[in-house]
Amino acid sequence: MGGRYKEMTPQRIANQIDEGRGQGEGKEFTPWFEATEFPTRGRMVRAKSLVTGRVMHMVSEIEGAYLHLIDFTPGVVDIREQSLCDFEMTVDIARRLRVRHPRAWEGHLVPMTTDFLVTFDDAWGRRELALSVKSEGELRGRKKARVFQKLAIEQLYHVAKGRSFLLVTDAGINPRVMSNLALLGEAFRSGSSEISDAEQSAFERAFPRHEKDGSTIRERIDVAALASGLPSQKAIDAFRRAVWSRRILIDLRQWIRLNSEFVPTTDVNLGVELPWSR
């Protein structure tokens, strides 16, 4: 977040707090930073979340990849990106740790944010998880001591708020899985086929689920399309929706292009590792 501090004047901070930036829940939430506002070392990403229904603003491609994983996680009910931390609390924590609180280039203190604040339901009820997303380079670079100081402030802040805190990195990203999740998610976004519940159910009943036999994904989709009466594109979108919803179990560690071999699995997470579910 350091490269963006130079634009954070005291007046701008006050204005953004008054606007409710980095605060709120659900569709009413607006991030503290938006993707077009500040320079970054990586490519900023805007993507619509299937959980929140709104366009999310991620300040790196790594964060964009983790959004796919969070969207795919069962039980997630809300995701807040670039969520604002309570300023007085983080300042106090920094003082107690005897480390510098983040500052702007001009010297004044600036608020801290958390990359993702995730609300989810599980067997223990409704809980919140704070995720800090870093590259392995940040954790090993010449400024790593400072990175870990800020992580310590962030972690203690969320623990004090009664939340779990988790640091995740690009080392936990499987590019093939992320590409597959992005492809599956497109079946739910604007421009995809309009599929009724009856059509979706008919397709899923007709889809061949037998063991691996060398057949391609396209060949199995064609069988189900013929039996259910769905046109080709609708059948493709129905397949992707069924896989995303875990009603067709296929290993997402393998490419799921139409000409790829269909590789079934019994794993309800489809071979996808969810760091927060360990």
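Okay, so let's go over this structure. (Residues numbered from 1 in each chain as written. Predicted model: local features only at pLDDT ≥ 70, side-chain atom pairs only at ≥ 80, totals over all residues. Heavy atoms only, no water.)

### Regarding the overall build of the protein
Reasoning step 1: Within the protein one finds nine helices and six strands.
Reasoning step 2: The principal-axis extents of the C-alpha atoms in the protein amount to approximately 65 × 35 × 35 Å.
Reasoning step 3: Scored against the burial criterion, the 278 residues of the protein give a buried share of 48%.
Reasoning step 4: For the protein, the exposed area adds up to about 14,100 Å²; of that, 49% sits on carbon and sulfur atoms. (Helix = DSSP H or I, 4+ residues; strand = E, 2+ residues; numbered from the N terminus. Buried < 20%, exposed > 50% of the residue type's maximum accessible area, 1.4 Å probe, protein only. Areas by Shrake-Rupley, 256 points an atom, 1.4 Å probe, with all protein chains shown as cover.)

### What to know about the side chain of Arg240
Reasoning step 1: Position of Arg240 among the secondary structure elements: in helix α9 (residues 232-244).
Reasoning step 2: Apart from the residues within four sequence positions on either side, Arg240 is in contact with Leu183, Leu184 and Ala187. (Contact = heavy atoms within 4.5 Å.)

### Looking at the packing of aromatic side chains
Reasoning step 1: As enumerated under the stated definition, the model contains six aromatic pairs in all.
Reasoning step 2: With a centroid separation of 5.8 Å and an interplanar angle of 45 degrees, the aromatic rings of Phe203 and Phe207 are classed as tilted. With respect to burial, Phe203 and Phe207 carry one shared label: buried.
Reasoning step 3: Where Phe207 meets Phe262, the ring centres are 5.5 Å apart and the plane angle is 55 degrees; that geometry is what we call tilted. In this pair, Phe207 sits in the loop between α7 (197-206) and α8 (217-228) while Phe262 sits in the segment after α9, placing the two residues 55 residues apart along the sequence.
Reasoning step 4: Exposure remark for Phe207: the relative accessible area of 3% places this residue in the buried category.
Reasoning step 5: A relative accessible area of 2% means that Phe262 is categorised as buried.
Reasoning step 6: Feature note: the residues Phe203, Phe207, Phe239 and Phe262 constitute an aromatic cluster, connected by ring pairs. (Phe/Tyr/Trp six-rings, centres within 6.5 Å; stacked < 30°, edge-to-face > 60°.)

### Some thoughts on the sheet that holds strand β6 (residues 164-169)
Reasoning step 1: Across the sheet, four strands lie side by side as β3-β4-β5-β6; this open sheet has mixed pairing. Across the chains shown, the open sheet's two edge strands, defined by having one partner strand only, are β3 (76-84) and β6. Recorded for the sheet is a direction-independent mean angle of 25 degrees between the axes of neighbouring strands.
Reasoning step 2: Across seven bridges, strand β4 (residues 113-122) lies against strand β5 (residues 125-134) in antiparallel orientation. Residue pairing for β5: Leu117 is matched across the bridge by Ala130. (Pairing = 2+ DSSP bridges. Axes fitted to C-alpha atoms, helices over the stretch in contact; angles between N-to-C directions.)

### Focus on the environment of Ile173
Reasoning step 1: Within the fold, Ile173 resides in the loop between β6 and α6 (175-185).
Reasoning step 2: Note: C-alpha distance between Ile173 and Thr113 (60 residues apart in sequence) is 22 Å.
Reasoning step 3: What Ile173 contacts, discounting residues up to four positions off in sequence, is Ile62, Ala65, Tyr66 and Met178.

### Some remarks on the side chain of Thr73
Reasoning step 1: Among the secondary structure elements, Thr73 is positioned in the loop between α2 (61-72) and β3.
Reasoning step 2: Here the side chain of Thr73 touches Trp276 through a polar contact of 2.9 Å, side chain to side chain.
Reasoning step 3: Setting aside anything within four residues of it in sequence, one finds Thr73 in contact with Leu274 and Trp276. (Polar contact = N/O pair within 3.5 Å; in protein donor to acceptor, adjacent residues only side chain to side chain.)

### Remarks on unusual backbone geometry
Reasoning step 1: Within the chain, Arg246 stands out as a residue other than glycine whose phi angle is a positive 65 degrees.
Reasoning step 2: Structurally, Arg246 is set in the segment after α9.
Reasoning step 3: One non-glycine residue with positive phi stands out, namely Leu270, at about 60 degrees.
Reasoning step 4: By the secondary structure assignment, Leu270 is in the segment after α9.
Reasoning step 5: Judged by its relative accessible area of 0%, Leu270 falls in the buried class.

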